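Observations on the three-dimensional arrangement
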Amino acid sequence: MPSPHDAAEKLTLTGLEVEEIEQTGTQFEGIVVGKVLDVQPHPDADRLVVCKVDIGRDEPSQIVCGAPNVAAGQKVPVATVGSVLPAPLPDGSPFKIRKAKIRGQKSAGMICAEDELGLSDDHSGIMVLEDHYAPGTPFTEVTGSSPDFIFEIGLTPNRPDATCHLGVARDLAAVTGAALKKPLDNLPAVPRELSEETIRITDTDKCHRYVGIIMRGVSIGESPQWLKQHLASIGLRPLNNVVDITNFVLHELGQPLHAFDLEKLAGAKIDVRSFPGETKFTTLDDVERTVPAGSLFICDGEKPVALAGVMGGVNSEISGETTDLLIESAWFEPVGIRKTSRALGLQTDSSYRFERGVDPSITRDAALRCAELILELCGGTIEGISDVHPVKTNPLTVPLRYDRLNTLLGTSIAPETVIGILNRLEFSTQEKSSDPLVWDCTVPAFRPDVTTEIDLIEEVARIYDYNNIPDPERITIANPEPVPFSEQFREKVRQAAVSAGLKEIYTNSLLPERFMDALGGPVVVVPTLNPITKDQALLRTQLMFGFLRSSAYNFNRGAAGVRFFEIGNIFRRENEGGTWIEGIHEATHLHIGVAGNIHTEHWKEPTRPFDLFDLKALVESVLTRLGILEKTAWKKTGDHLELVTAHVGDGDEAIIGSIFQVDETWKKNTEVEAAAFSAELNIGLLEQIAGKAAGSVYHPVSRFPSFEFDLALVVDKPVAAGDMMTAMKRTAGSKLVNIEVFDVFEGGSLEKHQKSIAFRLTFQDNSKTLTIKDVDPVIQKILKQLGSTFSAELRS
């Protein structure tokens, strides 16, 4: 067998990444069994005693001890003079035992507690051993201990078979060629099958198999040292021999088990079922939980006694008075266990494995393995077994082409090597055809992740060792697929936003449940079926929430102002149709948001906060870089909302998005105190406009001068200058190259409901110098249009 570090490397190369190696165990050199012959109070210390201890030598040793539980007649572990304890001193230096005087009394050795021997964290008193050990017996014979290594393996979700020692050993045996030893060779014989009434599965869609073994005359007590040590080495706290055995088999075979006190099961029966409504249930951790409807329970003749696949109940737990047991081993449907576990926020070793899928073929053997150890360590007898299996799992057969395997891997692996690897992984193979060579491979039930030929090829490759695959002499580079225009445009939008001075953020598409009404209510909002938390319960209908949360995060860390953008998807319910799923509309949006100060205080100018027009300028900057600003226009709707509109083919006007100041409610809910402004644009509509645009065209600088004309127009106060400018551009044609507002006036001779807006119009022609005769007809046309649309009049 390889060394521990070589084994770790081989496991990592097979896909079972060994993240840490911890050395444990020791030879316990110089530590022996001692018998306490006499205990006397220390003459000068109230909390110390002076012990005479027989350690198998000619004379007993005198040892000063401070443990409260030391007593004459006990068998105890004794570290003799010169020995080094496995547990180091607090500063990390070795704890070497020396002859000493403790408060004036000689002490030659040390009676040890479990933590001092590195066996557990228990320091409540000295470790008391079973009485049959003779004084002087090496402590290694008590523990069966020797130096060992613990591998901490980072598992991927697709390898449920590797959540146990047998699964890891299978991979290691396959890659090294060593024989795999399974602990299933001496399973006990069962005298009879239990009656059909003993176990019933009501919800067969959620429980495909349930095995129960009834045992009687069992003695509940402390586990032997080897079992406690095995559990402690993987971070489990020993409880009692029966519970410890179920935990041991779980980690050994990967099959979760549970032991019920048979006397606490009404009618000594089991019914596997769910309930249509919420159910109150107190689990083994003594917590009363509200279990959601549809969750699977293990019930007796009257009541629930366990939350299937997650945790047992206090009403059927093993106690010191238990003598009769029902051992449970089952296969539960993974999705249901995952939902229940997530809903309750309760993940256990059992639910972790059931969620990923356990081996349905080992259910009975695992129960018998548990019964074997209980017979050995707890006594008792097996009364009978019941194996209810309403839904059978048919083995999957996947064809594997030999030529395809070598072509894909770039290898020349011999057929017998391929078969050997698959067989060591417990895939059975049968030749389907010889020319070309094809095998039918039967996938073992413990590998639900293997479903296609490429999965089989990966199995061969990882055991063959990727390092053994030769580097190719030449490679073929395929021409990449052309990037779709939508992806190109999205990247162009991203670059335009960055060029405008914005920073990109990525935020969660799931929003808190409390924002349901603010987002439009159940008619609009899409909730998640099984939220991880209440703060991630709704699919977002807009991107503003992520911007506000990111702003708050930055403000809390000293930022004076933020200018962010995000490209992401939003989701809304709709009555008919749907983007990908019926009834759900999904669209990609661009969000631009600013908050706080546009710049910090400077000697040349004071601090100034962002306003709505700063955001408008940023949006226009992005649209300019996209080459579509001229295809858009602004319209004011209401007091705060600005809509961006555009002509998207055939003269139809479509709303691209809006800009507005964030209201105080949203700011309070996201802990933003500064003024914040939000813009959200539909990238799909921007893409349509860009797709129809001619693109960037070079125009030479005109050789002819421009002609400027000023117009002062009187309109009602609600009329927006932007709407008037849009109308002027549409009316004037190509010779009007620029419009600016240079004055706004109210009062004086004007009516209270009126205002005067002064525009500067710039005209230019690339073929001649314009005069007033050329411009005047255009001006008259503009005045007529503005008069009819906005009731505008020339200011006298």
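This text gives an overview of the structure that appears in the document. Note that the coordinates shown come from a computational prediction; the quantities given were computed from them, not determined experimentally.

Tallied over the entire structure, the rule returns zero disulfides. Here C65 is not disulfide-linked; the sulfur of C51 is the nearest cysteine sulfur, at 5.2 Å. By relative accessible area, which is 6% here, C65 ends up buried. C370 supplies the cysteine sulfur nearest to C164, a cysteine that is in no disulfide, at a spacing of 15 Å. C164 gets classed as buried once you look at its relative accessible area, which sits at 8%.

A separate point is a negative patch on the surface. Taken together, E17, E19, E20, E22 and E152 make up a surface patch of like negative charges. Ranked by the residues each element gives to the negative patch, the list is headed by strand 1 (residues 17–24), at four residues. Following the sequence through the fold, E20 ends up in strand 1. Here E20 falls in the partly exposed class, since its relative accessible area comes to 43%.

This paragraph deals with the packing of helix 1 (residues 4–14) against helix 3 (residues 165–176). One way to put it is that helix 1 packs onto helix 3 with a least axis distance of 10 Å and a crossing angle of 100°. As summarised for this structure, helix 1 and helix 3 are arranged roughly perpendicular, according to the angle between their axes. Side by side, helix 1 and helix 3 meet where A7, K10, L11 and T14 of the first sit next to V168, D171, L172, V175 and T176 of the second. Split into classes, the residues belonging to the contact of helix 1 with helix 3 amount to five nonpolar, two polar and two charged.

A separate point is the pattern of salt bridges. Scanning all chains against the criterion turns up 36 salt bridges. With a closest N to O distance of 3.0 Å, R159 and D171 form a salt bridge. In this pair, R159 is assigned in the loop between strand 11 (148–154) and helix 3 and D171 in helix 3, connecting sequence segments 12 residues apart. D171 matches R159 in its accessibility class, with the two residues each being buried. R494 serves as the salt-bridge partner of E491, at 3.1 Å between the closest nitrogen and oxygen. Placement of both E491 and R494 in helix 12 (residues 485–499) is noted, with a separation of three residues, approximately one turn of the helix. Connected via shared salt-bridge partners are R159, D161, D171, R447, D449, E459 and R462.

On to the packing of aromatic side chains. Throughout the structure, instances matching the rule amount to 11 aromatic pairs. Where W226 meets F248, the ring centres are 5.8 Å apart and the plane angle is 85°; that geometry is what we call edge-to-face. Highlighted residues: W226 in helix 4 (residues 225–233) and F248 in helix 5 (residues 241–253), separated in sequence by 22 residues. Using a relative accessible area of 29% as the deciding quantity, one classes W226 as partly exposed. Clustering of aromatic rings is evident, with ring pairs tying together F275, F281 and F297.

Among the secondary structure elements, R369 is positioned in helix 8 (residues 363–378). Residue classification places R369 among the buried residues on the basis of a relative accessible area of 11%. A distance of 2.9 Å separates polar atoms of two side chains, one belonging to R369 and the other to E252.

Let's shift gears to unusual backbone geometry. It is generally the case that most residues other than glycine have a negative phi and that most peptide bonds are trans. The step from D435 to P436 runs through a cis peptide bond, and the omega angle for that step is 0°. Note on placement: P436 falls in the loop between strand 24 (428–434) and strand 25 (437–443). For E426, which is not glycine, the phi dihedral falls at a positive 70°. Tracing the backbone through its elements, the reader meets E426 in the loop between helix 10 (415–424) and strand 24. For E426, a relative accessible area of 27% gives the class partly exposed. Look at D465: it is not a glycine, yet its phi comes out positive at around 90°. The residue D465 is located in the loop between helix 11 (453–464) and helix 12 in this model.

Sheet architecture is open: five strands sit in the order 4-3-2-5-10, paired in antiparallel fashion. Of all strands in the sheet, those with a lone pairing partner are strand 4 (61–65) and strand 10 (110–111), marking the two edges. The pairing of strand 3 (residues 49–54) with strand 4 spans five bridges and is antiparallel. Note that in strand 4 the partner of V50 across the bridge is V64.

Burial in helix 9 (residues 402–409) covers these residues: Y402, L405, N406 and L409. In an axial view of helix 9, the angular spread of the buried residues amounts to 90°, which keeps them on one side of the axis. Buried residues along helix 9 sit in contact with strand 23 (396–401), helix 10, strand 25 and helix 11. One or two positions beyond helix 9, positive phi appears at G410, with a value near 70°.

Quick look at the environment of R200 now. Topologically, R200 is positioned in strand 12 (residues 199–201). Between the alpha carbons of R200 and T279 there is a distance of 20 Å; along the sequence they are 79 residues apart. Those residues in contact with R200, other than ones at most four positions away along the chain, are I270, D271 and V272. Separated by 3.1 Å, the side chains of R200 and D271 make a polar contact.

Along helix 4, the residues classified as buried are Q225, L227, K228, Q229 and L231. Summarising the contacts, the buried residues of helix 4 are in contact with helix 2 (139–143), helix 5 and helix 8. Following helix 4 by one or two positions, G235 has its phi on the positive side, about 85°.

Let us look at the sheet that holds strand 13 (residues 207–216). The strand order 14-21-13-22 describes an open sheet built from four strands, whose pairing is antiparallel. Each end of this open sheet is capped by a strand with a single partner; those strands are strand 14 (257–261) and strand 22 (381–388). Across this sheet, the average inter-strand angle for adjacent strands is 20°, counted without regard to direction. Relative to strand 22, strand 13 runs antiparallel, the two being bridged by seven bridges. Note on strand 22: the bridge partner recorded for I213 is I385. The strands touched by helix 8 are strand 13, strand 14, strand 21 (325–332) and strand 22; relative to strand 13, the strand with the most contacts, the crossing angle is about 20°.

About the cut-offs
Position numbers for residues count from 1 along each chain, tracking the sequence in the order it is written. Only residues with pLDDT of 70 or above have their local features reported here, since the model is predicted, and side-chain atom pairs are shown and tallied only from 80 upward, although totals for entire chains, interfaces and linings are computed over all residues. For the side-chain quantities, the full set of heavy atoms in the structure was used; hydrogens and water were omitted. Our working definition of a disulfide is a cysteine sulfur pair at a distance within 2.5 Å. Buried means the residue's accessible area, taken with a 1.4 Å probe over protein chains only, is under 20% of the maximum for its type, while exposed means over 50%, and partly exposed covers the values in between. Within this analysis, patches are made of residues with over 30% relative accessible area and no salt bridge. Like charges are joined at 9 Å or less; nonpolar side chains (Val, Leu, Ile, Met, Phe, Trp, Tyr) at 5 Å or less. In short, Shrake-Rupley with a 1.4 Å probe defines the accessible areas, and a residue's cover is counted only from the protein chains shown. When a carboxyl oxygen of Asp or Glu lies within 4 Å of a side-chain nitrogen of Lys or Arg, that pair is called a salt bridge. When charges are counted, neither His nor the chain ends are considered; positive counts come from Lys and Arg and negative counts from Asp and Glu. All charge positions are set by atom: Lys at NZ, Arg at CZ, Asp at CG, Glu at CD. Helix and strand definitions follow DSSP, with helices as H or I runs of at least four residues and strands as E runs of at least two, each counted in order from the N terminus. A fitted line through C-alpha atoms represents every axis, and for helices the fit uses only the stretch in contact; the resulting angles, taken between N-to-C directions, go from 0 to 180 degrees. With respect to orientation, any angle under 35 degrees is reported as roughly parallel, any angle over 145 as roughly antiparallel, any angle of 65 to 115 as roughly perpendicular, and every other angle as oblique. We call two residues contacting when some pair of their heavy atoms lies within 4.5 Å. Note on residue categories: nonpolar means Ala, Val, Leu, Ile, Met, Phe, Trp, Tyr, Cys or Pro, charged means Asp, Glu, Lys or Arg, and polar means any other residue, Gly included. Pairing of aromatic rings covers Phe, Tyr and Trp, the last through its six-membered ring, and needs centres within 6.5 Å; plane angles under 30 degrees mean stacked, over 60 mean edge-to-face, and all others mean tilted. Each polar contact in these results corresponds to two N or O atoms within 3.5 Å; when the atoms are within protein, one needs to be able to donate a hydrogen and the other to accept it, and residues that are neighboring in sequence are counted only if both atoms are side-chain atoms. Two strands pair if DSSP finds at least two bridges between them. Throughout, the arc means that of the directions going from the helix axis to the C-beta atoms.

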